[in-house]
Amino acid sequence: MSEAEYKLVEQHLGPDRPPGLLAHVAGPTEDGWRIINVWQDEAAFRRFQAERLMRAAGLAAQSEDFDAGKSAGFRAMTVDGAELPF
């Protein structure tokens, strides 16, 4: 995902933090833009995906600057950090 694509989706998501989102990290890479979100559980992510992300991605996809084929996901088996609330 490019920075422009990231900003398009973020624009449509709105400023408030979704319930269940524990951490959001985003920044540039050599290949574009990397986004890592840590969720309380898969149910919280699926709720966010259904209620907000799909709509935001659909609106962003209407722009010439958006390539939905560059998005991907993975399941983390371990998340550790003293600052995380678990």
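The notes below deal with the structure included here.

Observations regarding the overall build of the protein chain
When helices and strands are tallied, the protein chain shows 2 helices and 2 strands. Ordered by position from the N terminus, the helices and strands of the protein chain form the series α-β-β-α. Residue burial in the protein chain is summarised as follows: out of 86 residues, 26% are buried. In the protein chain, the share of contacts with a sequence separation of at least 24, taken over all contacts with a separation of at least 6, comes to 53%. Split by element, the accessible area of the protein chain, about 6,400 Å² in all, is 52% carbon and sulfur.

Quick notes on the nonpolar core
In this structure, Leu 8, Val 9, Leu 13, Leu 21, Trp 39, Ala 44, Phe 48, Ala 56 and Ala 60 together form the largest nonpolar core, which totals 9 residues. The biggest single contributor to this core is helix H2 (residues 42-60), with 4 residues. Beyond its immediate sequence surroundings of up to four residues, Leu 13 is in contact with Phe 48, Arg 52, Leu 53 and Ala 56.

Details of the pattern of salt bridges
In total, this model carries 2 salt bridges according to the counting rule given. We note a salt bridge from Glu 42 to Arg 46, for which the minimum N-O separation is 3.0 Å. Of the two residues, Glu 42 and Arg 46 are both situated in helix H2; the distance of 4 residues between them amounts to about one turn of the helix. Residue Glu 42 is classed as partly exposed on the basis of its relative accessible area, which comes to 36%.

Remarks on the environment of Ile 35
You can see Ile 35 is positioned in strand E2 (residues 32-39). Put simply, Ile 35 and His 24 are 11 residues apart on the chain and 7.4 Å apart in space, counted from C-alpha to C-alpha.

Considering the pairing of strand E1 (residues 21-29)
Here is the key point about a regular strand: its side chains alternate between the two faces of the sheet. Summarising the sheet, E1 and E2 pair through 8 bridges and their orientation is antiparallel. Looking at E2, one finds that His 24 is bridged to Asn 37. From the end of E1 to the start of E2, which pair antiparallel, there are 2 residues.

As for helix H1 (residues 3-13)
Of all the residues in H1, the buried ones are Glu 5, Tyr 6, Leu 8, Val 9 and Leu 13. Here the buried residues of H1 occupy an arc of 160° about the axis, which is enough to place them on one side. Check the buried side of H1 and you find it contacts E1, E2 and H2. With its phi angle positive at about 95°, Gly 14 sits one or two positions after the end of H1.

What counts, and where the lines are drawn
Residues numbered from 1 in each chain as written. Predicted model: local features only at pLDDT ≥ 70, side-chain atom pairs only at ≥ 80, totals over all residues. Heavy atoms only, no water. Helix = DSSP H or I, 4+ residues; strand = E, 2+ residues; numbered from the N terminus. Buried < 20%, exposed > 50% of the residue type's maximum accessible area, 1.4 Å probe, protein only. Contact = heavy atoms within 4.5 Å. Areas by Shrake-Rupley, 256 points an atom, 1.4 Å probe, with all protein chains shown as cover. Core = buried A, V, L, I, M, F, W, Y, C linked by side-chain atoms within 4.5 Å. Salt bridge = Lys/Arg side-chain N within 4 Å of Asp/Glu carboxyl O. Pairing = 2+ DSSP bridges. Arc of directions from axis to C-beta.

Function cannot be read off these values alone, since they describe shape.
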